[in-house]
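Examining the three-dimensional arrangement
In case you want the letters, here they are:
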Amino acid sequence: MTASPTVAFTGPTRVLSGVQPTGALHLGNYLGALVKFTRLQHEMETFIFVADLHAITQWQDPKLLKSQVREITAAYLASGLDPAIATIFPQSAVPAHAELAWIFNCVARLGWLDRMTQFKDKAGKHKERESVGLYTYPVLQAADILIYKATHVPVGEDQRQHLELTRDIAAKFNHDFEVPGYFPLPEAVVEGPGARIMSLRDGSAKMSKSDPSDYSRINLTDDADAIAQKIRKARTDAEPLPETLAELKDRPEALNLIGIYAALEGRTSAEVLSEFSGQGFGAFKPKLVDLAVARLGPVGDAMRKFMADPAEIDRILAAGAERARAVAAPTLAEVKGIVGYWAS
Ligand code: TYM
């Protein structure tokens, strides 16, 4: 069989991304994802959802799930996402995600999923005890993206592999069903020093919601005192800062703090390093505290304000879900036709 020629997708550019409602959001989520959502909404049509379908791949208390969805929505709004421009919605309110995921489960290969490092990290030694949902999680993620034919997906570095899988699924669907260029091959928007923020306690571990130590991360709801204390206690070394990034190769904690500073200021790590080279952490940390408090303080305050009005959040989510369903429906109908199903 000859391979069908690669035909490029010719539809409009679109942004899609989401965050799981599985705990307090931290600086890594903010710099790796939320800041980029806010920037991109002015450049392309933007869909940002709360990934509550993904959340239950690991146990979530049903009594808390809705308020966690509201909290993520409050963080989106507090970081500048504008519901008049971007479509903001809960994933579970758009059933087309799950329907397309089933079809993609039949396109994706077991071998592809076996390679997913996030499953291996989350499942640890006891993968037989994990839910089937955790294993097929990246397939649902591909459906989230492709149901809107999104072309750009702003995420942190840890999601890169899931984006590659999404491209593989899109390409195989287009090929197997002989619909060249039907789905786009979406790009991960992963750039800059905020793409991989590390733990404040261990420069070799990612900053994460699930780290047992609260001192490992700065939460978006932390007040100025907590932010200052966590930065002051962040692990560092006694050496002064060097002139080049290459010299920080074996100092991951130092590299991380420089990266955080750079991401908060929208500069490169090299620029920040040249400003502070020769200085020790005794001088650098107070500057980082001032910057972090100035940038994150207003986000935390705005989050608290939005959280105080859950009815308004629910209105925004309901309006977003209606818009998202309207965009997803024709794609799902087309896909059902392509696969040979009855149209509903
Ligand atoms: P989640 O909820 O784990 O994380 C949300 C976003 O935050 C980014 N992130 C980080 N960025 C920099 N440094 C860190 N330490 C850090 N930790 C987390 C993540 O890369 C992500 O962008 N699978 C996704 C949710 C999802 C999704 C999607 C994303 C479901 N469907 C479709 C994009 C498109 C997740 O678990 O993100």
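Residues numbered from 1 in each chain as written. Predicted model: local features only at pLDDT ≥ 70, side-chain atom pairs only at ≥ 80, totals over all residues. Heavy atoms only, no water.

Considering the domain arrangement of the protein
It is common to report an interface's size as the accessible area lost on association of the parts. Per the domain assignment, the segments making up the protein are domain 1 (14–195 + 309–339) and domain 2 (214–305). For domain 1 and domain 2, the distance between their C-alpha centres works out to 29 Å. Taken residue by residue, the interface counts 15 residues in domain 1 and 17 residues in domain 2. Together, the buried faces of domain 1 and domain 2 total about 1,300 Å²; carbon and sulfur atoms form 74% of this surface. Its largest share of buried area at the contact with domain 2, domain 1 owes to Leu-27, Tyr-30 and Pro-193, together 42% of the area lost on that side. Inspection of the region where domain 1 meets domain 2 yields zero salt bridges. (Domains from an automatic or database assignment. Contact = heavy atoms within 4.5 Å. Buried area = accessible area lost by both parts, 1.4 Å probe. Salt bridge = Lys/Arg side-chain N within 4 Å of Asp/Glu carboxyl O.)

Focus: helix H8 (residues 160–176)
Over its 17 residues, H8 extends 24 Å from the first C-alpha to the last, a length consistent with the 24 Å expected when each residue adds 1.5 Å. Buried within H8 we find His-162, Leu-163, Leu-165, Thr-166, Ile-169, Ala-170, Phe-173 and Asn-174. Positioned one or two residues after H8, Glu-178 has a phi angle of 55°, which is positive. (Helix = DSSP H or I, 4+ residues; strand = E, 2+ residues; numbered from the N terminus. Expected span 1.5 Å × (residues − 1). Buried < 20%, exposed > 50% of the residue type's maximum accessible area, 1.4 Å probe, protein only.)

Describing unusual backbone geometry
Of note, the phi angle at Lys-149 is positive, near 45°, even though the residue is not glycine. For Lys-149, the location among the structural elements is in the loop between helix H7 (132–146) and strand E4 (152–154). One non-glycine residue, Glu-178, adopts positive backbone phi at about 55°.

Quick notes on the site of the ligand
Of all residues adjacent to the ligand, which total 28 residues, the nearest are Tyr-137, Asp-144, Gly-156, Asp-158 and Ile-197. The separation between an oxygen atom of the ligand and a polar side-chain atom of Tyr-137 is 2.6 Å. Contacts to the ligand include Gln-141, whose side-chain N or O atom sits 3.0 Å from a nitrogen atom. Here the ligand loses 96% of its free accessible area of 710 Å² to cover by the protein chains. Given that more than half its atoms are within 2 Å of the pocket grid, the ligand belongs to the largest pocket. Those elements that provide at least two residues to the shell around the ligand are strand E1 (14–19), helix H1 (27–40) and H7. Class assignment for the residues of the shell around the ligand results in eleven nonpolar, twelve polar and five charged. (Near = heavy atom within 4 Å. Polar contact = N/O pair within 3.5 Å; in protein donor to acceptor, adjacent residues only side chain to side chain. Areas by Shrake-Rupley, 256 points an atom, 1.4 Å probe, with all protein chains shown as cover. 1 Å grid on protein atoms, 1.4 Å probe; cavity = no way out; pocket = protein on both sides within 12 Å on 5 of 7 lines; lining within 4 Å. Sits in = over half its atoms within 2 Å of the grid points. Nonpolar A, V, L, I, M, F, W, Y, C, P; charged D, E, K, R; others polar.)

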